[in-house]
Amino acid sequence: MRNNVISVPTLVRVKPGAIDRLGVYIRRGQFTQAMLVVNKDLDQGLVARVQKSADDHGVKIISKIETTDSSFEFAQDIFQQMSTSVEVIVGVGGGKALDIAKYVAFLARVPFIASPTALSNDGFCSSRSSLDFKGQRRSFPAAMPYGVVIDTQVCLNAPKILWLSGIGDLMSKLTAVYDWKLAFRMKGTQVDDLAALLSDATVFQLMAKPEYDLEGMRLLGTALMLNGIAMEICGSSRPASGSEHLISHALDTINSRPRLHGLQVGVASYMISRLQGRGAERMNTFFSAVGFWDAIKADPFIRRDWVEAFRLAPSMKPDFYTILSEKDQTAELVAIMDTDKCLSGVFV
Ligand SMILES: [Zn+2]
């Protein structure tokens, strides 16, 4: 029986119009003094809606931070200048604002409410913050959000490519769980059955209804959130990240042109599922139905970057056993890349 203590969000709202109720949610948590962290390029109309909701419910936004970067130094500066009367930090926007807000909240030991305005990856509900440190992207320990507020209408108004990126990041859970079980068989890495089950189950819910509408957004938001919780349950990234993420991390270091994390991960997941000999057909059917392949083909990946990434991937996390640890799989992955009909047009 597991008896470790984990923290999970207390407040969860996933629905259209949720952003207009942020003030109600903040107030219900008995908070009246808030710090708001938003992306500098966030639609001012959204910022005004958050401000109005706060005003209407007696919540004072005592400082508003606009983020242009997600550096560790910037987060530290905000923390040092932060008023001690801040009771809660609310992050609204994309990854940069949420990662900064989450880390500052962790340093200040105040609750954090994450309100993503697009669902392009699973980072909004995790106990890690991804920040730039000395020119490199690093993952820092942080705290789970106290609240997750996803306005599905706001997310639906964001460019569709961000939803597809979230879909790609979610599909990686299938290959990640396979790698995790492989690591158990080969190296004795402990598998947490509940975390693995939760991770798998969230994907199948979305696959059963591949629609780009409010319901599809709700399913994706819930699935990505539950994935963050699966990681919290087992205390590792295993349920959400396997060899497909190693390929994506390797691509980030090559970086001839940065691309959305979930798009890289989604394509890598398909290729890894071919290598694992499980689930590729089902993944292809789903990717075709949601328009994932079409979006990639409209702006293809660079083939030579990927070949280099296949080679580098196992060295990204040396003690992390995956299907790429068994032997050098570069030749197999290149063969899949060059011969699989589903991938035609994905690379140039
Ligand atoms: Zn990911």
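Per chain, residues are indexed from 1 in the order of the written sequence. A pLDDT threshold of at least 70 governs which residues receive local features in this predicted model, and a stricter bar of 80 or more applies before side-chain atom pairs are shown or counted, although totals over entire chains, interfaces and linings include all residues.

Novice: Would you mind showing me how to read the overall build of the protein here?
Specialist: Put simply, DSSP marks the helices as runs of H or I at least four residues long and the strands as runs of E at least two long, and each gets a number from the N terminus on. Across its full length, the protein carries 15 helices and eight strands. Here the C-alpha atoms of the protein give a radius of gyration of 20 Å, agreeing with the 20 Å that 2.2 N^0.38 yields for 348 residues. If one aligns the C-alpha atoms of the protein with their principal axes, the spans along those axes are about 60 × 40 × 40 Å. Across the 348 residues in the protein, those meeting the buried criterion constitute 50%. It is over C-alpha atoms that the radius of gyration is taken, and the globule rule equals 2.2 Å times the number of residues to the power 0.38. Think of it as a crowd count around each C-beta: if 20 or more other C-beta atoms lie within 10 Å the residue is buried, if 12 or fewer it is exposed, and in between it is partly exposed, with C-beta placed from the backbone throughout.

Novice: Help me understand the domain arrangement of the protein in this model?
Specialist: Interface size is commonly expressed as the accessible surface area that is lost when the partners come together. Bear in mind that the domain bounds are from an automatic or database domain assignment. When cut into domains, the protein gives domain 1 (11-157) and domain 2 (160-343). Distance between the C-alpha centres of domain 1 and domain 2: 27 Å. Opposite the 18 residues of domain 1 that make contact, domain 2 presents 23 residues. The set of elements that each furnish at least two residues to the side of domain 1 that touches domain 2 consists of β8 (147-151) and α5 (152-157). Of the residues contributing to the side of domain 1 that touches domain 2, the split by class is 10 nonpolar, six polar and two charged. Note on contacts: residues are paired as contacts if their backbone-placed C-beta atoms lie within 7 Å. We call Asp, Glu, Lys and Arg charged. Ala, Val, Leu, Ile, Met, Phe, Trp, Tyr, Cys and Pro are nonpolar, and the rest, Gly among them, are polar.

Novice: Honestly, the nonpolar core in this entry has me stumped. Any pointers?
Specialist: Soluble globular proteins: nonpolar side chains tend toward being buried together. The term nonpolar core means buried Ala, Val, Leu, Ile, Met, Phe, Trp, Tyr and Cys residues held together as one set by C-beta atoms within 7 Å. I26, I89 and L220 are the most contacted members of the largest nonpolar core, which totals 109 residues. Top contributing element to this core by residue count: helix α6 (residues 160-187), with 13 residues. Ignoring anything within four residues of it in the chain, the contact list for I26 reads F31, A34, A54, V59, V88, V90 and I113.

Novice: Whenever I open this one, the sheet that holds strand β3 (residues 60-67) confuses me. Can you help?
Specialist: Sheet strands associate in pairs through backbone hydrogen bonding, adopting either a parallel or an antiparallel arrangement. For two strands to count as paired, DSSP must find a minimum of two bridges between them. Taken together, six strands build an open sheet; the order of strands is β1-β8-β5-β4-β2-β3 and the sheet is parallel. The open sheet has two free edges, formed respectively by β1 (11-15) and β3, since each of these has just one partner strand. Along the sheet, successive strands turn relative to each other by an average axial angle of 15°, direction set aside. Inspection of the sheet shows β1 paired to β8 by five bridges, in the parallel sense. Looking at β8, one finds that K15 is bridged to D151. To get an axis, a line is fitted to the C-alpha atoms, and for a helix only the part in contact is used. The angle between two axes follows their N-to-C directions and goes from 0 to 180 degrees. Of the strands in this sheet, β2 (33-39), β3, β4 (88-93) and β5 (112-116) touch helix α4 (residues 95-108), which is tilted by about 170° from β4.

Novice: Looking at this model, I keep getting lost on helix α13 (residues 303-312). Mind explaining?
Specialist: Residue pairs spaced three or four apart in an α-helix point in one direction, given the helix's 3.6 residues per turn. All of the buried residues along α13 are W306, A309 and F310. What you see down the axis of α13 is that its buried residues fit within an arc of 105°, all on one side. Against α9 (243-254) and α15 (330-339) lie the buried residues of α13. Each C-beta atom gives one direction from the helix axis, and the arc is the one those directions make.

Novice: Before we go on, may I ask you to explain helix α7 (residues 193-207) in this structure?
Specialist: Helices are assigned an expected span. That span is 1.5 Å times one less than the residue count. Over its 15 residues, α7 runs 21 Å from end to end, which matches the ideal 21 Å to within 8%, given 1.5 Å per residue. Listed in full, the buried residues belonging to α7 are A195, A196, L198, S199, T202, V203, L206 and M207. Contacts made by the buried residues of α7 are with α6, α8 (214-234) and α11 (280-290).

Novice: Can you help me understand the packing of helix α10 (residues 261-276) against α11 in this one?
Specialist: Packed helices, taken two at a time, are described by their axes: the angle between them and the distance between them. Two numbers describe how α10 lies on α11: the axes approach to 9 Å, and their chain directions differ by 155°. In terms of orientation, α10 and α11 fall into the roughly antiparallel class. Contact residues: S269, Y270, S273 and R274 in α10; A280, M283, N284 and F287 in α11. When grouped by side-chain class, the residues that make up the contact of α10 with α11 number four nonpolar, three polar and one charged. Angle categories are assigned with fixed cut-offs, so that under 35 degrees is roughly parallel, over 145 is roughly antiparallel, 65 to 115 is roughly perpendicular, and the rest are oblique.

Novice: What is the right way to read the environment of G95 from this model?
Specialist: When you line up the elements, G95 lands in helix α4. Residues G95 and A201 lie 106 residues apart in sequence; the distance between their C-alpha atoms is 25 Å.

Novice: Before we go on, may I ask you to explain the pairing of strand β6 (residues 128-133) in this structure?
Specialist: Moving residue by residue along a regular strand, the side chains alternate between the two faces of the sheet. Summarising the sheet, β6 and strand β7 (residues 136-141) pair through six bridges and their orientation is antiparallel. By the bridge assignment, F133 is partnered in β7 with Q136. What sits between the antiparallel neighbours β6 and β7 is a turn of two residues, in which K134 has the positive phi angle 50°.

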